[in-house]
Amino acid sequence: MDNLPHKMPRKALFAFTICFLSLMIQITKGDDPNLLYVECPNVTLSTTSTYAANSTYHKNLNTLLSALSSNSNSSIGFYNFTAGSSSPDVAYGLFICRGDVSAAVCRDCVAYAAGDVVKQCPRSKRVTIWYDECILRYSNVSFFSILDTSFRLILRNPQNVTNSTSFRDALGEEKGESHRKSSLPLSFRLESLFCFS
């Protein structure tokens, strides 16, 4: 301090440094994702649907959630992963982000979900958590490439339609298009869906 060209009082220098650093360090925290629904079994009814703290499944679940968070910056907004190798301690999981959200919003949603899911459903081996921006799911049973129609949920939009005529027209066009496609042969529908030629 003594070798400064002009002496500045220590308290003033400290205050100046704090102010300068606060301008240099910008801490931004977005809003938490909008939780829509959580599906987890009633863990008090069955011990086969729960895991013990520090068990092999618990460690595999932590690995899974970490891998999902680490890969949430994927540009496609989807990732699945398997942690562990021997049943019943294998943890299977995936996330999918809404198609119109940015990679940053997807990453933030998945990172939040990975922490929130174990709070929402502690010790549960099978959970699906829906946010407005993403879905995260894990289980001790593989569900990859398996159609699951056992769970149905209707999410209502509380907002009003501002132009009901154009909404009905658009809805009618969409219904007509889906009806037309459903009457086509399966091979054509799959080619259209997955853009095969």
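Residues numbered from 1 in each chain as written. Predicted model: local features only at pLDDT ≥ 70, side-chain atom pairs only at ≥ 80, totals over all residues. Heavy atoms only, no water.

**Description of the overall build of the chain**
Note the threshold: Secondary structure elements follow DSSP: runs of H or I of four or more residues count as helices, runs of E of two or more count as strands, with numbering from the N terminus. For each residue, the accessible area found with a 1.4 Å probe, counting protein chains only, is set against the maximum for its type, and the residue is called buried under 20%, exposed over 50%, and partly exposed in between. The contact criterion used throughout is that any non-hydrogen atoms of two residues lie within 4.5 Å. Surface accessibility in these figures is a Shrake-Rupley result with a 1.4 Å probe; residues are shielded only by whichever protein chains are displayed.
Along the backbone of the chain there are five helices and five strands. By residue count, 24% of the 197 residues in the chain fall in the buried class. For the chain, the proportion of contacts with a sequence separation of at least 24, taken over those separated by at least 6, is 61%. Carbon and sulfur atoms form 56% of the exposed surface of the chain, whose accessible area is close to 14,300 Å².

**A word on the nonpolar core**
The line we're drawing: For our purposes a nonpolar core is just a set of buried Ala, Val, Leu, Ile, Met, Phe, Trp, Tyr and Cys residues, chained together by side-chain atoms within 4.5 Å.
Of all hydrophobic cores here, the largest spans 25 residues; its most connected members are Leu136 and Tyr138. Elements that contribute at least two residues to this core include exactly helix 2 (56–70), strand 3 (91–97), helix 3 (103–120), strand 4 (127–131) and strand 5 (134–139). Of all the elements, helix 3 adds the most residues to this core, at six residues. Leave out the neighbours within four places in its chain, and Leu136 touches Leu65, Leu68, Leu94, Phe95, Val110, Ala113, Ala114, Val117, Val127, Thr128 and Ile129. Counting five residues, the second-largest nonpolar core is a separate cluster that includes Val90, Tyr92, Leu94 and Phe144.

**A few points about the environment of Val118**
Counting through the fold element by element, Val118 comes out in helix 3. Its relative accessible area of 28% is what places Val118 among the partly exposed residues. Residues Val118 and Asn62, 56 residues apart in the sequence, show an inter-C-alpha distance of 9.7 Å. Apart from residues no more than four positions distant in its own chain, Val118 is found in contact with Tyr51, Leu61, Leu65 and Tyr138.

**Considerations on the state of the cysteines**
Disulfide: a covalent bond connecting the sulfur atoms of a pair of cysteines. Going by this rule: Only a pair of cysteine sulfur atoms within 2.5 Å qualifies as a disulfide here.
Enumeration according to the criterion identifies three disulfides in this entry. The disulfide bridge from Cys97 ends at Cys106, spanning 2.0 Å between sulfur atoms. Where Cys97 bonds to Cys106 through sulfur, the torsion about that S-S bond is close to 75°, and the disulfide is right-handed. For the pair Cys97 and Cys106, one class covers both residues: buried. The disulfide bridge from Cys109 ends at Cys134, spanning 2.0 Å between sulfur atoms. In this structure, the disulfide formed by Cys109 and Cys134 twists by about -80° around the S-S bond and is classed as left-handed. Here Cys109 is found in helix 3, whereas its partner Cys134 is found in strand 5, with 25 residues between them in sequence. Grouping residues by exposure puts Cys109 and Cys134 together as buried.

**Overview of the environment of Ala111**
Summarising the element assignment, Ala111 is placed in helix 3. Ala111 sits in the partly exposed class, given a relative accessible area of 41%.

**Overview of the side chain of Asn140**
Following the sequence through the fold, Asn140 ends up in the loop between strand 5 and helix 4 (164–182). The residues touching Asn140, leaving out its near neighbours within four places in the chain, are Thr48, Tyr57, Pro88, Val90, Tyr92 and Lys125.

**Quick notes on the confidence of the model for the chain**
Going by this rule: pLDDT measures how confident the predictor is about each residue, on a scale from 0 to 100.
When pLDDT is averaged along the chain, the result is 78; 70% of the residues meet or exceed 70. Throughout residues 12–29 the model reports pLDDT below 50, and contacts reaching past four residues in sequence, or to other chains, amount to two contacts. Here residues 187–197 scores under 50 on pLDDT; set against residues more than four positions off or in separate chains, the count is six contacts.

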